[in-house]
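Residue-level listing of the chains:
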Amino acid sequence: VQLQASGGGSVQPGGSLTLSCAASESIFRRKVMGWYRQAPGKQRELVATITSGRNTKYVDSVKGRFTISRDNARNLVYLQMNSLKPEDKAVYYCNAVDLIRDRPLGSWGQGTQVTVSS
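In this report, we go over the structure that sits alongside the text. (Residues numbered from 1 in each chain as written. Predicted model: local features only at pLDDT ≥ 70, side-chain atom pairs only at ≥ 80, totals over all residues. Heavy atoms only, no water.)

## Structural notes on the overall build of the protein chain
Now for step 1: Along the protein chain, the regular secondary structure elements total one helix and eleven strands.
Now for step 2: Ordering the α and β elements of the protein chain from the N terminus gives β-β-β-α-β-β-β-β-β-β-β-β.
Now for step 3: When the 118 residues of the protein chain are sorted by exposure, 39% land in the buried category.
Now for step 4: For the protein chain, the proportion of contacts with a sequence separation of at least 24, taken over those separated by at least 6, is 52%.
Now for step 5: Only carbon and sulfur atoms are counted for the fraction: they give 44% of the accessible area of the protein chain, which is about 6,400 Å².
Now for step 6: For the protein chain, the centre of its 16 positive side-chain charges and the centre of its 8 negative side-chain charges are spaced 3 Å apart. (Helix = DSSP H or I, 4+ residues; strand = E, 2+ residues; numbered from the N terminus. Buried < 20%, exposed > 50% of the residue type's maximum accessible area, 1.4 Å probe, protein only. Contact = heavy atoms within 4.5 Å. Areas by Shrake-Rupley, 256 points an atom, 1.4 Å probe, with all protein chains shown as cover. Lys, Arg positive; Asp, Glu negative; His and termini not counted. Charge placed at Lys NZ, Arg CZ, Asp CG, Glu CD.)

## Brief notes about the nonpolar core
Now for step 1: Formed by 28 residues in total, the largest nonpolar core has its most connected members in M33, W35, L79, M81 and Y92.
Now for step 2: The residues contacting L79, other than those within four sequence positions of it, are L17, T18, L19, W35, A48, F66, T67, I68 and Y92. (Core = buried A, V, L, I, M, F, W, Y, C linked by side-chain atoms within 4.5 Å.)

It is worth stressing that arrangement in space is one thing and function is another; only the former is reported here.
Given below as structure tokens:
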């Protein structure tokens, strides 16, 4: 598998979800990995990144609510999402990230839908 995200679902505002991403070793190894999301009618945006050394960065809108992590032995990336808001509704994707050029490195794989509504 190249990139396959899973774990999405439908939750109420304030709820939590944990997303998982399985990546091929060629994409994952020694790479910065990130979670992107694309809401209806909007461009895809990068919301969180993690280096192979586990340094993390977040877009302001998710700081304090989302936590990105990775399992280097299993080529997995996670996104723990707490205190979810309706504006977090989107399809979430993972990918390797070129931080210098601010672009994804791999082809897009399967995303996972997150819906937040009461």
